[in-house]
Structure formats: structure tokens, C-alpha cells
Amino acid sequence: MRIGVAGVGRIGAFHAETLRDLDFVESVVLADALPNAASTVAQRLGVESVDNVDALLGAGIDGFVITTATPAHAALLRAGVAAGIPTFCEKPVAATLEESIELVQLEQQTDVPIHIGFQRRFDTGYRRAQQAVQSGELGFIHTIRATTGDQSPPHASYIPTSGGIFRDCNVHDFDILRFVTGREVATVYATGANKGADFFTEAGDVDTGAAVLTLDDDTMVVVTSTRYNGGGHDVRMEVCGSEGTIGVGLDDSLAMVSAQEGVTWPTGPQKWSFMERFLPAYQAELTAFADVAAGKIPSPCTVYDALQAFRVADACELSRREHRPVALAEIASA
Ligand SMILES: NC(=O)c1ccc[n+]([C@@H]2O[C@H](COP(=O)([O-])OP(=O)(O)OC[C@H]3O[C@@H](n4cnc5c(N)ncnc54)[C@H](O)[C@@H]3O)[C@@H](O)[C@H]2O)c1
């Protein structure tokens, strides 16, 4: 297959490298809005580049991968679908709720496959947790704890267009929560604070967030996030049931040291970035996209799924700003 990648920043360059090394990919071609950005990355990776996204869509590609900054996602997804090219789009599917709803309508009207990039769905730990919930081995689920801690913040220019910590960071927790439990979020109560760089406050954002969610079967969920998890990149989920508890992300790379005397676990080394933590999941996700593009499997993460995670994030942002619980029913849907 020949795959086109639009946007060669942090995740775009990383996905381009992953795609280059996958067996099914014959060639990779890159484009970016910034002059020379695509050619510089292409040279480093030994792949092709073109001058802009229009040229990319006309470059005979079998799959279109959107890894631009979030505000460009909706228009490029429309362009990919209009060109009839199977399209993978990084999360979030769009910058706003309204655009996300419109894109669900597009998804319902087109036969062109669309796959949204929530890579945790391909992480073996989360898959095992999903199976444990579905099989009933944990009994009834009463409590879930989920966390996303970035070891250090992204660059300052990323924050103003990121959508805020719940839409940018915890949106992964919200998606995987739906995936693992098969339930929907009913209400949220969220808060946040900033003890780090001023650019978070200046963008109306926070660097650390927390939310209590209630699922539609009355499961209690506590979700936290921070951009300053100095001990390492920390992504975990604990699913607690009446018959047992299962933990995702609890291996020797756990970004924590034990305070217990004589305990040497975890032995390390820690992981420092989402790239390190989720490399196998990203590889599996992009491999699955090839099957989606070839029509072999349905989309493992639809625009509808992305909308539902976005609605939870929107509800958390509203709750944080207005200091009140928010019912998901208050947030528009498709
Ligand atoms: N799934 C994940 O784990 C994960 C991780 C990081 C980022 N992301 C998502 O990936 C996207 C990119 O994030 P990033 O950290 O790589 O950002 P970034 O700022 O490092 O890179 C974005 C790139 O997009 C380019 N760009 C912007 N508008 C464009 C347009 N209209 N056409 C072509 N190129 C354009 C920019 O020039 C830049 O090179 C974001 O939507 C983010 O939410 C997902």
C-alpha cells in the first residue's frame, strides 16, 4: 500500500516512521502546511514528500493518515472522504463538538472507511481488562481508576489549540473507559489546577485535572491527568469488581517507586513518552488501518466513538469551568 501522511509534527513523524517499517506498506509520502517540514522529515526517514495536502491526495495513495494539529482534522477528513480514500484521523476527530457531530453525519452517509486514532484500543493490557469485564470474572464492577500522566508538557504553542486537558489528554481515558466497560458516562464532576508553566493559564487551560464520572450502570470512575508527571509517562487503569481487581499499566516500567521497606518493584526503567508506552499499540493500530482500508474489517474506532469520548471531555470542561456536576444529556449528540 501507498500511505499519505498529512502533518509531520510529533505524532505525524512518529506514525510515518512506524508506517515505513510495516510489511504491508510499500511507500509513504508526507505533506505539511509548514514549508520544508515534510521534506525535512521525509529525508530523515527515507520516504517521499509533496508540497501540500492537495498534492498528497492526488499522489495515488491507498490510505490517508491525518496527523495535523487538531483544528485541521475536520476539513482534511472531509477532503479524504471526498477523494474516496480510506482515512485514518488522529484523535480528537475535530476541534469542536459541532464539527464532531457533523462528521458523524458524514460517516453515516459515506462508504469510505474512517478510522479514528485511539491507540489504547490496541494495547494488550486494556484488551485483557475488557475481556475480564465482559467474561464476568471480576463480578460486578463498582469502581474504576484511570490516569494519564505526561512526563513533561508539550511545546507551548500546542496548548492554545489543544482543546484543554480533558479533550486533549483524558479523552483517551474516556474512550478506553467505554471500550473496556461497554457502558456510557451519565454524569461528570471535574476540576483542575495549574502549578506549572503560565502558558496553560494564559490559554484558559490547566496542567492537572481530575474528574469523578458515574457510568449508566452506577459504576464510579475517578480520572486524573497531569502534564508534569516527573517520574515518567504514567497511563493506568484499575478496574475493581466484587470478585477481583485488574490493573492496566502495572509492569516494571511503572512510573513510581514503592515506599514499602524491602520492595524493589518496579525495577524500571520507566517510560518517558506516549511513543515509548504505546509503540506496539500504534503499530497494531496502523496495521488494522490497512485492513480497514482494504475493507477486511469494520472501523475499530468510529467517528461516533470519537464523538462520545469528546462529549465526556466537553462535559468535564464545562464542569470545571462552572464548578458543578454536568449530566451528559446536557451535551449535544448526533
Ligand atoms: N493518539 C495519540 O496518542 C496522540 C499523541 C499526540 C498527538 N495526537 C494528536 O495528533 C495531532 C497532532 O499532534 P502533534 O503533537 O503531532 O502536533 P504538532 O504541533 O507537533 O504537529 C502538528 C503538525 O501539523 C501541521 N499542520 C497544521 N495544520 C495543517 C494543515 N492544515 N495541513 C497540513 N499540516 C498541518 C503543523 O505544521 C505541524 O507540523 C493532534 O490532533 C493531537 O491531538 C495524538
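Residues numbered from 1 in each chain as written. Predicted model: local features only at pLDDT ≥ 70, side-chain atom pairs only at ≥ 80, totals over all residues. Heavy atoms only, no water.

Per an unreviewed UniProt entry, the chain goes by the name Myo-inositol 2-dehydrogenase and belongs to Kineosphaera limosa NBRC 100340.

Undergrad: How should the packing of helix α1 (residues 10-20) against helix α2 (residues 37-45) be read in this particular structure?
TA: The axes of two packed helices give the description: the angle between them and the distance between them. Two elements in contact, α1 and α2, have axes separated by 11 Å at closest approach and are oriented at 35°. Seen from above, α1 lies across α2 with right-handed handedness. Two secondary-structure elements touch here, α1 through Ala13, Ala16, Glu17 and Arg20 and α2 through Val41, Arg44 and Leu45. Each residue belonging to the contact of α1 with α2 can be placed in one class, and the counts come to 4 nonpolar, no polar and 3 charged. (Axes fitted to C-alpha atoms, helices over the stretch in contact; angles between N-to-C directions. Helix = DSSP H or I, 4+ residues; strand = E, 2+ residues; numbered from the N terminus. Left-handed = near helix turned anticlockwise from the far one by under 90°. Contact = heavy atoms within 4.5 Å. Nonpolar A, V, L, I, M, F, W, Y, C, P; charged D, E, K, R; others polar.)

Undergrad: Can you walk me through the sheet that holds strand β7 (residues 141-149) in this structure?
TA: Each strand in a sheet pairs with another by means of backbone hydrogen bonds, the pair being arranged parallel or else antiparallel. Strand order across the open sheet formed by 7 strands is β12-β11-β7-β10-β9-β8-β13, with mixed pairing between neighbours. Every interior strand has two partners, whereas the edge strands, β12 (245-248) and β13 (326-327), have only one. Across 4 bridges, the pairing between strand β11 (residues 234-241) and β12 is antiparallel. Across the sheet, the residue bridging to Cys240 is Thr245, located in β12. Contacting β7, β11 and β12, helix α6 (residues 124-135) runs over the sheet at an angle of about 160° to β12. (Pairing = 2+ DSSP bridges.)

Undergrad: Hey, could you run me through the site of the ligand in this one?
TA: In the neighbourhood of the ligand, 26 residues make up the surrounding shell, with Arg10, Asp32, Thr70, Glu90 and Tyr282 lying closest. The separation between an oxygen atom of the ligand and a polar main-chain atom of Lys91 is 3.0 Å. For the ligand, whose free accessible area comes to 860 Å², the fraction covered by protein is 85%. Elements represented by at least two residues in the shell around the ligand include exactly α1 and α10 (274-293). Here the shell around the ligand is built from residues that sort into 11 nonpolar, 10 polar and 5 charged. Three or more residues apiece are contributed to the shell around the ligand by two domains, here domain 1 (2-119 + 282-301) and domain 2 (121-273 + 308-330). (Near = heavy atom within 4 Å. Polar contact = N/O pair within 3.5 Å; in protein donor to acceptor, adjacent residues only side chain to side chain. Areas by Shrake-Rupley, 256 points an atom, 1.4 Å probe, with all protein chains shown as cover. Domains from an automatic or database assignment.)

Undergrad: Explain the environment of Gln270 to me, please; I cannot follow it from the model alone.
TA: Positionally, Gln270 belongs in the loop between β12 and α10. Between the alpha carbons of Gln270 and Ser253 there is a distance of 4.2 Å; along the sequence they are 17 residues apart. Among residues more than four places away in sequence, those in contact with Gln270 are Gly231, Ser253, Leu254, Ala255 and Glu276.

Undergrad: Is there a simple way to think about the environment of Pro325 in this case?
TA: You can see Pro325 is positioned in the loop between α11 (303-322) and β13. For Pro325, a relative accessible area of 51% corresponds to the exposed category. Along the sequence, Pro325 and Leu106 sit 219 residues apart, while their C-alpha atoms lie 32 Å from each other. Discounting chain neighbours no more than four positions away, the residues touching Pro325 are Val188, Tyr189, Ser319 and Glu330. (Buried < 20%, exposed > 50% of the residue type's maximum accessible area, 1.4 Å probe, protein only.)

Undergrad: Teacher, can you tell me more about a nonpolar patch on the surface here?
TA: A cluster of nonpolar side chains, namely Tyr189, Val212 and Val222, defines an oily patch on the protein surface of about 260 Å² accessible area. Examined against the element boundaries, Val222 turns out to sit in strand β10 (residues 220-226). Look at Val222 and you get partly exposed, because its relative accessible area is 38%. (Patch = residues over 30% accessible without salt bridge, like charges linked within 9 Å, V, L, I, M, F, W, Y side chains within 5 Å. Salt bridge = Lys/Arg side-chain N within 4 Å of Asp/Glu carboxyl O.)

Undergrad: What am I meant to see in the state of the cysteines here?
TA: Note on terminology: disulfide describes a covalent bond linking the sulfur atoms of two cysteines. For the structure shown, the criterion picks out 0 disulfides. As a non-bridged cysteine, Cys316 has Cys169 as the owner of its nearest cysteine sulfur, 12 Å distant. Take Cys316: its relative accessible area is 0%, and that puts it in the buried class. (Disulfide = S-S within 2.5 Å.)

Undergrad: Would you take a moment to explain the UniProt feature "domain: GFO/IDH/MocA-like oxidoreductase" (unreviewed entry) in the chain for this structure?
TA: In the numbering adopted here, UniProt assigns the feature "domain: GFO/IDH/MocA-like oxidoreductase" (unreviewed entry) to residues 126-246. The span residues 126-246 is 25% helix and 36% strand, and its two end C-alpha atoms sit 10 Å from each other. (UniProt positions renumbered as here; feature names shortened; annotations may be inferred.)

Undergrad: When you look at the sheet that holds strand β5 (residues 87-90) in this model, what are you seeing that I'm missing?
TA: Here 6 strands make up an open sheet; going across it, the order is β3-β2-β1-β4-β5-β6 and the pairing parallel. Looking at which strands have only one partner, the edges of the open sheet turn out to be β3 (48-49) and β6 (114-117). As defined by bridge partners, strand β1 (residues 2-6) adjoins strand β2 (residues 27-31) across 5 bridges and the pair is classed as parallel. Opposite Val5, over in β2, you have Leu30 as the bridge partner.

Undergrad: Looking at this structure, I do not really get the pattern of salt bridges. What am I missing?
TA: Note on pairing: side chains with opposite charge can pair once their charged atoms come close. Under the definition given, this model contains 25 salt bridges. In this structure, Asp234 and Arg236 form a salt bridge, with 2.7 Å as the shortest nitrogen-oxygen distance. Of the charged contacts, one joins Arg324 and Glu330 as a salt bridge, the two residues approaching to 2.9 Å between their closest N and O atoms. Taking relative accessible area as the criterion, Arg324 reaches 27% and is therefore assigned partly exposed. According to the relative accessible area criterion, Glu330 is partly exposed, its value standing at 42%.

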